[in-house]
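Now for the letters of each chain:
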Amino acid sequence: MPLSTLFQHQNICGKDIYIVKAHHHALAPWAMMRRKSGQAPNLLTIDHHTDTHEAFLGHAHILTMNNQDDPWALAETLVKKIDFRDDQNLAWAINLLKHDEHIHAATRSDILGYAFCIQLSDGDGNQSLEQLAYDADRQARWPLPPTVQVPHRPMTYEKPDNHIFVISHDCALGCTKRPHDDECLVQHGN
């Protein structure tokens, strides 16, 4: 299957736009951009949820459900086989990917350098070093107040092994309330 059948390409105001019907088909134009530029581009995605499931884990669970094999190990083996330079290999990978596994597949196979996922409804996101220190101090000192100051932006982050940064959805941007309340939910939704 030619990769060009997996997306529609348009040029809008001098920008290349790739439209896909299924999320995991985005791997095809990302790989083509990777080849063209000679370096792994970064992804900025704005979505209701993160689309950052482990690559091939759905397929690996199906293959291992009747035996004692480790689906996580199999998924890792499969992601290492992705070669962005080979159309046939990419078609194989895209065919095996399940819902929301495409970003992880791309960052783990050097199609993308890093992914920055701004989202509304999934998980806690990447915690800053400052937030981790504050939370650890607060937990260790409970019921006494923490000695570490409440963290404020800008913050520092470690590079995640999977090269995916998930921007937290705790509350509306700029909200400093602790704890968050029903009014925060309305602002966040808006």
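About the cut-offs
- Residues numbered from 1 in each chain as written.
- Predicted model: local features only at pLDDT ≥ 70, side-chain atom pairs only at ≥ 80, totals over all residues.
- Heavy atoms only, no water.
- Helix = DSSP H or I, 4+ residues; strand = E, 2+ residues; numbered from the N terminus.
- Buried < 20%, exposed > 50% of the residue type's maximum accessible area, 1.4 Å probe, protein only.
- Contact = heavy atoms within 4.5 Å.
- Areas by Shrake-Rupley, 256 points an atom, 1.4 Å probe, with all protein chains shown as cover.
- Pairing = 2+ DSSP bridges.
- Axes fitted to C-alpha atoms, helices over the stretch in contact; angles between N-to-C directions.
- Phe/Tyr/Trp six-rings, centres within 6.5 Å; stacked < 30°, edge-to-face > 60°.
- Lys NZ or Arg CZ within 6 Å of the ring centre and 35° of its normal.
- Salt bridge = Lys/Arg side-chain N within 4 Å of Asp/Glu carboxyl O.

A.B. asks: What exactly am I supposed to notice about the overall build of the protein here?
C.D. replies: Along its length, the protein carries 7 helices and 5 strands. Listed by position from the N terminus, the elements making up the protein come as β-β-α-β-α-α-α-α-β-α-β-α. Its C-alpha atoms give the protein principal-axis dimensions of about 60 × 55 × 30 Å. Across the 190 residues that make up the protein, the buried fraction comes to 35%. Put simply, 66% of the contacts in the protein that link residues at least 6 apart link residues at least 24 apart. Summing over all exposed atoms, the protein offers an accessible surface of approximately 12200 Å²; the carbon and sulfur share of this is 54%.

A.B. asks: Sorry if this is basic, but what is going on with the pairing of strand β4 (residues 115-119) here?
C.D. replies: Put simply, side chains in a regular strand alternate between the two faces of the sheet. Of the two faces of β4, only one is covered, namely that formed by Ala115, Cys117 and Gln119; the face formed by Phe116 and Ile118 stays uncovered. The sheet contact formed by strand β3 (residues 43-47) and β4 spans 5 bridges and is parallel. Looking at the pairing, Leu44 lines up with Phe116 of β4. Pairing of β4 with strand β5 (residues 164-167) involves 4 bridges; the strand directions are parallel. If you follow Ala115 over to β5, its bridge partner there is Ile164.

A.B. asks: Quick question: what am I supposed to make of the sheet that holds β5 here?
C.D. replies: In spatial order, the strands read β3-β4-β5; together these 3 strands make up an open sheet with parallel pairing. Looking at which strands have only one partner, the edges of the open sheet turn out to be β3 and β5. The mean inter-strand angle of the sheet, taken between neighbouring strand axes irrespective of direction, is 15 degrees.

A.B. asks: Please explain the packing of aromatic side chains as it appears in this structure.
C.D. replies: Think of a pair of aromatic rings as described by two things: how far the centres are apart, and how the planes are tilted against each other in angle. This model, assessed by the stated rule, comprises 4 aromatic pairs. Judged by centre distance (5.2 Å) and plane angle (0 degrees), the ring pair of Phe116 and Phe165 falls under stacked. One end of the pair, Phe116, is in strand β4; the other, Phe165, is in strand β5, with 49 residues separating them in the sequence. Judged by relative accessible area, Phe165 falls into the buried class, the value being 14%. Three or more aromatic residues link up through ring pairs in this structure, and these residues are Tyr114, Phe116 and Phe165. When the ring centre of Phe84 is taken as origin, the NZ or CZ atom of Arg85, which lies over that ring, is 4.7 Å away.

A.B. asks: Even after reading the chapter, I still don't get helix α1 (residues 27-37), so can you show me in this structure?
C.D. replies: An α-helix turns once per 3.6 residues; consequently, residues spaced three or four apart project the same way. Of the residues making up α1, those classed as buried are Leu27, Ala28, Pro29, Trp30, Ala31 and Arg34. Considering only its buried residues, α1 is in contact with β2 (15-19), β3, α4 (87-96) and α5 (102-108).

A.B. asks: Sorry, what's going on with the environment of His25 here?
C.D. replies: Here His25 shows up in the loop between β2 and α1. The class for His25 is buried, based on a relative accessible area of 18%. Distance from His25 to Ala93, taken between C-alpha atoms, is 9.9 Å for residues 68 residues apart in sequence.

A.B. asks: Teacher, can you tell me more about the pairing of β2 here?
C.D. replies: Two elements, strand β1 (residues 8-12) and β2, share 5 bridges in a ladder whose sense is antiparallel. By the bridge assignment for β2, Gln10 is matched with Ile17. Taking the residues between adjacent antiparallel strands as the criterion, β1 and β2 are bridged by 2 residues, where Cys13 takes a positive phi near 55 degrees.

A.B. asks: Please clarify how the pattern of salt bridges should be interpreted in this entry.
C.D. replies: Two side chains of opposite charge can pair, provided their charged atoms sit close to one another. By the definition in use, this model includes 5 salt bridges. The partner of Arg34 in a salt bridge is Asp110, and the shortest N-O contact between them spans 2.7 Å. Linking Arg34 in helix α1 with Asp110 in the loop between α5 and β4, this pair joins segments that are 76 residues apart in sequence. Given a relative accessible area of 10%, Arg34 falls into the buried group. Between Asp135 and Arg138 there is a salt bridge; the shortest N-O distance is 4.0 Å. Of the two residues, Asp135 and Arg138 both sit in helix α6 (residues 129-141), 3 residues apart, roughly one turn of that helix.

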